[in-house]
Amino acid sequence: MLFGRNSLLLLGILIISFLSLIQADYWAYKCEQEQRCVRVSKADLNQDTSYTVFQERIYETWKICRLVCGTYGALWPRPTGNTFIGPNLMQFHPNFIRFDFQDIPLVTKDLMVDMTKVFMRNIRHECGANCTLPSETEVLVRIFITSPDTTLSWETVESYSLDISTLGTKVSVDISAATIYGARHGLETLSQLITVQPGPENSHRNGLVITGATRVRDSPVYSHRGFMLDTARNFIPMRQIRKVLDGMAATKLNVFHWHITDSHSFPLETPRVPLMTQHGAYSSTNVYRQTDVRSLVKYARQRGIRVLLELDAPAHAGNGWNWGPQHGLGELAICVNEQPWRNYCIQPPCGQLNPINPNLYHVLRDIYRDVMDVIASEETLHMGGDEVFFPCWNSSTEIRDLLRSRGRNLEAEDFLQLWAEFQASALRIWDEESGRAPSSRDPRKPPPPVILWTSHLTLPETIENYLEKERYIVQAWLKADDPIPEQLIAKGYRLIFSTKDAWYLDHGFWGITTYASWRKVYDNRIPTSLSVLGGETCLWSELVDHNTIETLTWPRTAALGERLWSNPDTNAKQAEGRLNRHRERLVTREIRAEAVTPKWCVQNEGQCS
């Protein structure tokens, strides 16, 4: 006989105990072929008393099954190094987690405490409102960090290792990293190795379970993993932006690119030039105060995220710049709100900075000073630089007269040279105000770069005439099949990709654009050259406000997160089960991510893709 009488009795008790826990629902979940969670009827389990529940790896909820099923379980993005997730689980209560910071540099302790508070908030969300299921299990999280450096840049080492082991009722978690940001990623991974444990039937009580044995070695493929949000066309409240950062942190994205000004509005408070918001904000309540930006920079850093401000120029600059004449400074911008707009710009309302007005550069200097007051000291600036429309400048008598006095014929290359001169002046002012000018920086270190969008100024055949490859990073908002990015890489320029037919999240809602599903976002690959820093999804806000930002952003931007962190050889089909789980994780964290697939497909992984 395979089993003796006592063995059969014990097996029956185990099955009955298991079923008593899960009978509150119709379904249990089986980890099938070591990678897919598929629902099984509890009624069938009740009828088949010989069903070996534990040998068949059947779990009481889909979330618990997904936690331990497959090489990567519920982890998003999937780790890049050696990963093992054991099948054993330990129930615990969040009150019984302790943290050990003895092996971290003292200067990182306060920030590490803030990061653990974020972690605790996330797992309490996971546990739910009635998180009262008792447990004697203790969880000790020991964090080891070697570097005291808390700067966050493209050079930051974000790798980490995580080990979980169990002895009796004690679970030990070791997270080791070179920097505090790698340790933060380890904490995020740890939160994804925990899920809710429902209590007995009708108790309405929850607890948590954690994997009892796990090993993760992990580091990102790309150093720039970002999301760009436009808050100039429609004002997005700070509470919504913070929720964006919460979703980014859950996905290990590390750059919040904030397109904060445009020709539509100038909502950024600049104390040295208060007229910018007085003339450029939609209202006095639609302003990002300096305290708001500082607070957001701190909030982001606690989540391992840079805040990269973009002040678009010289185009996309109108409202907010139109007070010059009445204050004796002349036209700081031209074509502002001109009609018919198609004669002056790509999109209404029009407006471009006036590059030949010397007063413009005094104002720009004050704005840069105000920006330096609120961003991280090591941070750079995105200078915009897209969609300069030469007919706007050509409509100005003073610009035409100046060019003619130089012997120019008002051809495209003449306006291109004017644009390049503006860019050189703007960069010089930024360098001076940020302490990065040659006279004030360490001559042994290369000057930090700034960022520009692809444009006529960045065309491969002429870019070297205008932009130094040591000073400029190019953000390519081109189609996936456009050859320009590869040509720029060949010339030695560093690139950030925002593939517009895959990573533009506003597409599909206007004109002839096409909506990119999360699968298209995920399957869009970019080069792995050392010159490629990474990429961003972009959400332009012509048709977006606080009511729709979350569903348009998530989970599609999460798909970008795995592409840029792991760059897996597999495609979206293999990732769907884990993305479904990550989407539910985002919802649990109060982020309104849109559904990935029907619920039946969630419960029967691999049957719908």
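Anything mentioned here points back to the structure above.
Throughout what follows, the structure given in this document is the object of discussion. (Residues numbered from 1 in each chain as written. Predicted model: local features only at pLDDT ≥ 70, side-chain atom pairs only at ≥ 80, totals over all residues. Heavy atoms only, no water.)

Let us now look at helix α17 (residues 556-565). Counting buried positions over the ten residues of α17 gives ten, a clear majority of the element. Taken as a whole, α17 has its buried residues at Arg-556, Thr-557, Ala-558, Ala-559, Leu-560, Gly-561, Glu-562, Arg-563, Leu-564 and Trp-565. Looking one or two residues past α17, Asn-567 carries a phi angle of roughly 45°, positive in sign. (Buried < 20%, exposed > 50% of the residue type's maximum accessible area, 1.4 Å probe, protein only. Helix = DSSP H or I, 4+ residues; strand = E, 2+ residues; numbered from the N terminus.)

Let us look at unusual backbone geometry. Backbone torsion omega between Pro-348 and Pro-349 reads -5°, so that peptide bond is classified as cis. Structurally, Pro-349 can be placed in the loop between β16 (333-334) and β17 (352-353). In this structure, Pro-555 follows Trp-554 across a cis peptide bond, with omega equal to 5°. Secondary-structure assignment places Pro-555 in the loop between α16 (549-553) and α17. In this structure, Glu-387 is a non-glycine residue whose phi angle is positive, near 55°. When you line up the elements, Glu-387 lands in the loop between β18 (382-384) and α10 (390-394). Accessibility expressed as a relative area gives 29% for Glu-387, which makes it partly exposed.

This part takes up the pairing of strand β11 (residues 206-211). A large share of β11 lies buried, amounting to five of its six residues. Relative to β11, strand β5 (residues 89-92) runs antiparallel, the two being bridged by four bridges. Residue pairing across strands places Leu-89 opposite Thr-211, the latter belonging to β11. In this sheet, β11 lies alongside strand β10 (residues 194-198) in antiparallel orientation, the contact comprising five bridges. Within β11, the position partnered with Ile-194 by the bridge is Ile-210. (Pairing = 2+ DSSP bridges.)

Summed over the entire model, instances satisfying the criterion amount to 33 salt bridges. Residues Glu-464 and Lys-469 are paired through a salt bridge, measuring 3.5 Å at the closest nitrogen-oxygen approach. For Lys-469, a relative accessible area of 25% translates into the label partly exposed. With a shortest N-O distance of 3.3 Å, Glu-464 and Lys-491 are connected by a salt bridge. Of this pair, Glu-464 sits in helix α13 (residues 463-466) while Lys-491 is found in the loop between α14 (484-490) and β21 (494-497), placing the two residues 27 residues apart along the sequence. Connected through salt bridges with shared partners, the residues Arg-365, Asp-366, Arg-369, Arg-428, Glu-432 and Glu-433 form a single ionic network. (Salt bridge = Lys/Arg side-chain N within 4 Å of Asp/Glu carboxyl O.)

Tallying each qualifying case throughout the model produces six disulfides. In this model, Cys-127 is linked to Cys-131 through a disulfide, with the two sulfur atoms separated by 2.0 Å. Taking the sign of the S-S torsion, about 85° here, the bridge from Cys-127 to Cys-131 comes out right-handed. The buried category is assigned to Cys-127, whose relative accessible area is 1%. Look at Cys-131 and you get buried, because its relative accessible area is 14%. A sulfur-sulfur distance of 1.9 Å marks the disulfide that ties Cys-345 to Cys-350. Taking the torsion about the S-S bond as the criterion, the Cys-345 to Cys-350 disulfide, at about -65°, is left-handed. Across the pair, Cys-350 and Cys-345 agree in class, each one buried. The connectivity of the disulfides in the chain is 1-4, 2-3, 5-6, 7-10, 8-9, 11-12, where the numbers refer to bonded cysteines in sequence order. (Disulfide = S-S within 2.5 Å.)

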